[in-house]
Amino acid sequence: MSYLTTPTSFITVDGTKIAYRELSAGASRLPLVMLVHLAANLDNWDPRLVDRLANDRHLILLDLPGVGASGGTVPPTLEEAGEQAARIVRGLGHDRVDLLGLSMGGMIAQEVVRHDPELVERLILVGTGPRAGLGIDKVTPTTFRHMFRAALKRKDPKRYIFYTRDAHGEAVANEVLGRLGSRTAQYADKAVTVPSFLRQLRAIKRWGASPADDLSHITMPTLIVNGDADDMVPTPNSYDMHERIAGSRLVIYPHAGHGSLFQHAEEFAAEVNGFLADTAANS
């Protein structure tokens, strides 16, 4: 089944209805849980990437509370979002998973590990940074700057948030956005509301202005991925996390920005599957 026609399922956790999509159950020893970026719902995962991962992996993609078709509200802090995510995963019946977080989802993933370290066997952090990392407290003005530029150009804001500003970035953005736009209304998630988006921005700002984290709580095998030209969560954060997380693996894609995993969907899927296979042999 393609991700474009994967139906949305629901579970109630702590009295809140949670939307999720599940693919290839039983295809791997552990499910790979995926947490999405700021202002995004389940439809913002590139279907080409998800389908490649689902060839080898049991996948679970979540809408956290207050996002998309999930009920509840976005919590005021990413620490609370991490606690919510852990409870949702356990509510789905899993007490051990691999975890992938993109951008804000990667920040929440770090908090999942802090809150419930026994839940996560292997961690994948993409286009993200540590608490109090470089530029994280400036995500709000950076986001609004890109949104303003996109409005002037009558383009999707992801054109400027995720991809480089040259002709190559334009071509890549058109390809990925075309794939995202191919989902039909029958299989669509609900849009993220403006109040939820603003709550997410405030939570990121709080997290970015909090005391720095040495990441010593992350002890599991960790893969860190970014593009070499990410200005949403600046690329130096990926090098910083690599230095702080013992034994971590770092991949930086050339001529790529915040959306490096979508730009390099085939290579990224192979990298993830290779990382999970290699570390499974040592677990």
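Heads up: the structure comes first, above all this text.
Our subject in this report is the structure included herewith. (Residues numbered from 1 in each chain as written. Predicted model: local features only at pLDDT ≥ 70, side-chain atom pairs only at ≥ 80, totals over all residues. Heavy atoms only, no water.)

Re the packing of helix 2 (residues 78-91) against helix 3 (residues 104-115)
Quick note on the threshold: Orientation is described by lines fitted to C-alpha atoms, with helices fitted over the stretch in contact, and by angles between N-to-C directions that extend from 0 to 180 degrees. Secondary structure counts use DSSP, requiring at least four H or I residues in a row for a helix and at least two E residues in a row for a strand, with both numbered from the N terminus. For classification purposes, an angle smaller than 35 degrees is called roughly parallel, one larger than 145 roughly antiparallel, one from 65 to 115 roughly perpendicular, and anything else oblique. Working rule for handedness: look at the near helix, and if it is turned counterclockwise from the far one by less than a right angle, call the crossing left-handed; if clockwise, right-handed. Contact between two residues is taken to exist if any of their heavy atoms lie within 4.5 Å; hydrogens are not considered.
The N-to-C vectors of helix 2 and helix 3 enclose an angle of 70°; their axes lie 7 Å apart at closest approach. Judged by the angle between their axes, helix 2 and helix 3 are roughly perpendicular. As helix 2 runs across helix 3, the sense of the crossing is right-handed. Contact with helix 2, carried on its side by Leu78, Glu79, Ala81, Gly82, Glu83, Ala85 and Ala86, involves Met104, Met107, Ile108, Glu111, Val112 and His115 of helix 3 and no other residues of that element.

Digging into the pattern of salt bridges
Using the following cut-off: Whenever Lys or Arg places a side-chain nitrogen within 4 Å of a carboxyl oxygen from Asp or Glu, that contact is recorded as a salt bridge. The rule is simple: take the accessible area with a 1.4 Å probe, protein chains only, and divide by the maximum for that residue type; under 20% is buried, over 50% is exposed, in between is partly exposed.
If you walk through the whole model with that rule in mind, you get 19 salt bridges. Between aspartate 213 and arginine 114 there is a salt bridge, with the nearest N and O atoms lying 2.5 Å from each other. Placement of aspartate 213 in the loop between helix 7 (194-208) and strand 7 (222-227) and of arginine 114 in helix 3 is noted, with a sequence separation of 99 residues between them. With relative accessibility at 32%, the residue arginine 114 sits in the partly exposed group.

With respect to the packing of aromatic side chains
To keep things clear, this is the line we draw: A pair of Phe, Tyr and Trp rings is counted when the ring centres sit within 6.5 Å of each other, with Trp represented by its six-membered ring. The angle between the planes then sorts it: under 30 degrees is stacked, over 60 is edge-to-face, the rest tilted. Two limits define a charge over a ring: the Lys NZ or Arg CZ must be within 6 Å of the ring centre, and within 35 degrees of the ring normal.
In total, this model carries 4 aromatic pairs according to the counting rule given. When the centroid spacing of 6.4 Å and the interplanar angle of 90° are considered together, the rings of tryptophan 45 and phenylalanine 262 count as edge-to-face. Of the two residues, tryptophan 45 sits in the loop between strand 3 (32-35) and helix 1 (47-54) while phenylalanine 262 sits in helix 9 (residues 260-263), which places them 217 residues apart along the sequence. For the residue pair tryptophan 45 and phenylalanine 262, the accessibility class agrees, reading buried in each case. Through successive ring pairs, a cluster of aromatic residues spans Trp45, Phe162, Tyr163 and Phe262. Of note, lysine 17 hangs over the ring of phenylalanine 10, and the distance from its end group to the ring centre comes to 4.7 Å. For arginine 183, the ring lying beneath its charged end belongs to tyrosine 3, and the centroid distance is 4.7 Å.

With respect to the packing of helix 3 against helix 7
What counts, and what does not: Three classes are used, and their members are as follows: Ala, Val, Leu, Ile, Met, Phe, Trp, Tyr, Cys and Pro are nonpolar, Asp, Glu, Lys and Arg are charged, and the others, Gly among them, are polar.
Two elements in contact, helix 3 and helix 7, have axes whose closest approach is 11 Å; the angle formed by their N-to-C orientations is 60°. Judged by the angle between their axes, helix 3 and helix 7 are oblique. As helix 3 runs across helix 7, the sense of the crossing is left-handed. Two secondary-structure elements touch here, helix 3 through Met104, Met107, Gln110 and Glu111 and helix 7 through Gln200, Ile204 and Trp207. Across the contact of helix 3 with helix 7, the residue classes tally to 4 nonpolar, 2 polar and 1 charged.

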